[in-house]
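What follows is each chain in one-letter form.
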Amino acid sequence: MKNLGIIIVLLGALALIVPALADFESNLTLAIGAIIIVAGAFIHIFVTKKDIDKK
């Protein structure tokens, strides 16, 4: 659970890498990848803060 944010960021990176390699990138795929990466960063911050507060 504590690595959930990092996993989501990596999935967002894959959402950007796969269309670029397959040569079908568009503004929609770029926006989806960016949203997933930003959401993963926020989730990582939230989970880390929650974990620090437990200790």
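Structure: see above.
Definitions and limits used
Residues numbered from 1 in each chain as written. Predicted model: local features only at pLDDT ≥ 70, side-chain atom pairs only at ≥ 80, totals over all residues. Heavy atoms only, no water. Helix = DSSP H or I, 4+ residues; strand = E, 2+ residues; numbered from the N terminus. Rg over C-alpha atoms; globule rule 2.2 N^0.38 Å. Buried < 20%, exposed > 50% of the residue type's maximum accessible area, 1.4 Å probe, protein only. Areas by Shrake-Rupley, 256 points an atom, 1.4 Å probe, with all protein chains shown as cover. Lys, Arg positive; Asp, Glu negative; His and termini not counted. Charge placed at Lys NZ, Arg CZ, Asp CG, Glu CD. 1 Å grid on protein atoms, 1.4 Å probe; cavity = no way out; pocket = protein on both sides within 12 Å on 5 of 7 lines; lining within 4 Å. Points joined across faces, edges and corners; volume = space filled by probe spheres on them. Axes fitted to C-alpha atoms, helices over the stretch in contact; angles between N-to-C directions. Parallel < 35°, antiparallel > 145°, perpendicular 65-115°, else oblique. Left-handed = near helix turned anticlockwise from the far one by under 90°. Contact = heavy atoms within 4.5 Å. Nonpolar A, V, L, I, M, F, W, Y, C, P; charged D, E, K, R; others polar.

## Focus on the overall build of the protein
Along its length, the protein carries 2 helices and 0 strands. Relative to a compact globule of 55 residues, whose C-alpha radius of gyration would be 10 Å, the protein shows 14 Å and is clearly more extended. Here the C-alpha coordinates of the protein stretch approximately 45 × 15 × 10 Å along the principal axes. Residues counted as buried form 15% of the 55 residues belonging to the protein. Carbon and sulfur atoms make up 75% of the accessible area of the protein, which totals about 4,300 Å². Across the protein, the mean location of the 5 positive side-chain charges is 19 Å away from that of the 4 negative side-chain charges.

## A look at the layout of surface pockets
Each pocket or cavity is described by its volume, and for the largest pocket that value is around 160 Å³. Surrounding the largest pocket, M1, K2, F46, V47, K50, D51 and K54 form its lining.

## Some words on the packing of helix α1 (residues 4-22) against helix α2 (residues 27-54)
Between α1 and α2, the shortest axis-to-axis distance is 7 Å and the interhelical angle comes to 165 degrees. In this view, α1 runs roughly antiparallel relative to α2, as classed from their interaxial angle. Our pair here, α1 against α2, has a crossing hand that is left-handed. Contact residues: L4, G5, I6, I8, V9, L11, G12, A13, A15, L16 and P19 in α1; T29, L30, G33, A34, I36, I37, G40, A41, I43 and H44 in α2. A class-by-class count of the residues in the contact of α1 with α2 yields 15 nonpolar, 6 polar and no charged.

Functional significance is not addressed by these values, which are geometric in nature.
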